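# What the coordinates show
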Amino acid sequence: MATFDKVKAIIVDQLGVEESEVAMEASFVDDLGADSLDIVELVMALEEEFGLEIPDEEAEKIRTVGDAVKFIQDRQ
Amino acid sequence: MFLNGKVAIVTGASRGIGKAIALAMAGAQADIVVNYAGRADAAEETAAAIRQLGRRAMVYQADVSDTSQVQGMVDATLAEFGKVDILVNNAGITRDNLILRMKEEDWDTVLQVNLKSAFNSIKAVSRSMVKARYGRIINVSSVVGLHGNAGQANYAAAKAGLIGLTKSMAKELGPRNITVNAVAPGFIMTDMTEQLSAEAREKMTASIALNRLGKPEDVASLVAFLASDFCGYITGQVIAVDGGIVM
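Residues numbered from 1 in each chain as written. Chains lettered and ligands numbered in written order. Predicted model: local features only at pLDDT ≥ 70, side-chain atom pairs only at ≥ 80, totals over all residues. Heavy atoms only, no water.

Under an unreviewed UniProt entry, the name given to chain B is 3-oxoacyl-[acyl-carrier-protein] reductase, and the source organism is Desulforamulus aeronauticus DSM 10349. One UniProt comment on chain B, placed under Catalytic activity (unreviewed entry), says "a (3R)-hydroxyacyl-[ACP] + NADP(+) = a 3-oxoacyl-[ACP] + NADPH + H(+)". Recorded in UniProt for chain B, the comment headed Subunit (unreviewed entry) runs: "Homotetramer." (UniProt positions renumbered as here; feature names shortened; annotations may be inferred.)

The name that an unreviewed UniProt entry assigns to chain A is Acyl carrier protein, with the source organism given as Desulforamulus aeronauticus DSM 10349. Database annotation for chain A, UniProt heading Pathway (unreviewed entry): "Lipid metabolism; fatty acid biosynthesis."

What follows concerns the interface of chain A and chain B. Interfaces are often described in size by the accessible area the parts lose on coming together. Each side of the interface is counted separately: chain A has 8 residues, and chain B has 6 residues. Between chain A and chain B, a total of about 640 Å² is buried, with carbon and sulfur atoms accounting for 42% of that surface. The largest contributions to the chain A side of the interface with chain B come from A:L37, A:E41 and A:M44, which together make up 66% of the buried area. For the pair chain A and chain B, the number of links is 5 salt bridges. Residue B:R176 pairs with A:E41 through a salt bridge whose shortest N-O separation is 2.3 Å. Tallying contributions element by element places helix α2 (residues 36–50) of chain A first for the side of chain A that touches chain B, with 6 residues. Tallied by class, residues from the side of chain A that touches chain B come to 2 nonpolar, 1 polar and 5 charged. (Contact = heavy atoms within 4.5 Å. Buried area = accessible area lost by both parts, 1.4 Å probe. Salt bridge = Lys/Arg side-chain N within 4 Å of Asp/Glu carboxyl O. Helix = DSSP H or I, 4+ residues; strand = E, 2+ residues; numbered from the N terminus. Nonpolar A, V, L, I, M, F, W, Y, C, P; charged D, E, K, R; others polar.)

With that settled, the discussion passes to the side chain of B:N139. Residue and element names in this part refer to chain B. Mapped onto the fold, N139 is located in strand β5 (residues 135–140). On the basis of relative accessible area, N139 is assigned to the buried category, the value being 0%. If we ignore the near neighbours within four places in the chain, the residues touching N139 are N89, A118, I122, L162, T166, V180, N181, A182 and V183. (Buried < 20%, exposed > 50% of the residue type's maximum accessible area, 1.4 Å probe, protein only.)

We now examine the confidence of the model for chain B. When pLDDT is averaged along chain B, the result is 96, and 100% of the positions lie at 70 or above. Under the prediction, the complex receives an ipTM of 0.84, its pTM being 0.94. (pLDDT = per-residue confidence, 0-100.)

Residues and elements named next belong to chain B. UniProt's entry tags Y155 with the feature "active site" (unreviewed entry), counted in the numbering of this structure. On the basis of relative accessibility, which here comes to 10%, the residue Y155 falls in the buried class. Excluding residues that lie within four positions of it along the chain, Y155 makes contacts with I93, T94, V110, N114, S142, V144 and M192.

Here it is as structure tokens:
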């Protein structure tokens with residue numbers, strides 16, 4: 001699953017977590033220790049990588065790794 | 001030198017305190033984007049003086065109250081220099097009057113140019129600074145923003161607003177190694193203060209502990225210092241450069 005791997009790489013890079021921690025059901029805040037600024041940065045990095053715009057109201061719904069992957073897949 | 005290889009944007013750098021800041025930072029070996037609004041000749045003079053110091057200078061005309069123009073300036077800076085390490089929000093105007101006589105337009109213009117401008121430029125540089133995990137933002141406020149001044153409701157409100165902005169940005173961007181501070185000049189000799197009467201000037205001088213008006217360079221040296229790596233652990237502060245008017 002190419003999208004997941006790309007998203008995982010970005011998360012590992014942005015949040016400084018181990019690859020093994022980045023599971024589909026992992027919550028950015030609760031499991032991966034992200035704060036609000038981390039999430040904004042992550043959203044910006046995803047926008048750049050996948051060439052799309054993630055509006056604030058959509059970004060708020062992205063709570064887990066799976067949410068991010070699904071959001072991107074739905075728009076590809 | 002202590003700003004070697006750094007890239008700085010200075011708004012309102014054609015004259016007065018902004019020019020002195022641009023030259024002080026170029027003297028410390030930073031490359032400078034000289035922003036100006038109207039005086040192209042003066043901006044070119046500042047740029048020429050920077051190049052004489054052996055540094056690169058880019059002159060950029062932009063109305064800092066206009067969000068898209070400011071974004072354009074930051075984009076041009078990133079294209080030319082590859083990064084922005086330092087942002088100095090210095091551009092400012094006055095439209096003094098007693099509240100009874102102050103026009104709505106005078107209020108709006110001063111708030112736009114002196115306060116909204118800082119929002120525009122901080123927003124525009126924040127993305128690259130956050131990514132770089134490095135930044136120095138210095139807002140040029142005023143002692144008037146700390147203590148108020150009759151006849152300057154608009155200016156004082158804008159300068160006080162810059163202090164609130166400074167502290168909020170210090171908290172928001174601190175986790176990314178970006179420091180945000182404000183300087184509060186007192187009575188500094190510039191075109192802006194030349195409009196005052198001799199009598200008003202004498203009265204002001206009497207209230208200054210050092211018994212003289214300030215020079216733009218007095219402010220500039222502090223700004224250059226705050227922009228340096230000597231100040232990596234100073235953020236959210238407001239430092240007065242007023243010769244000891246208020247202590």
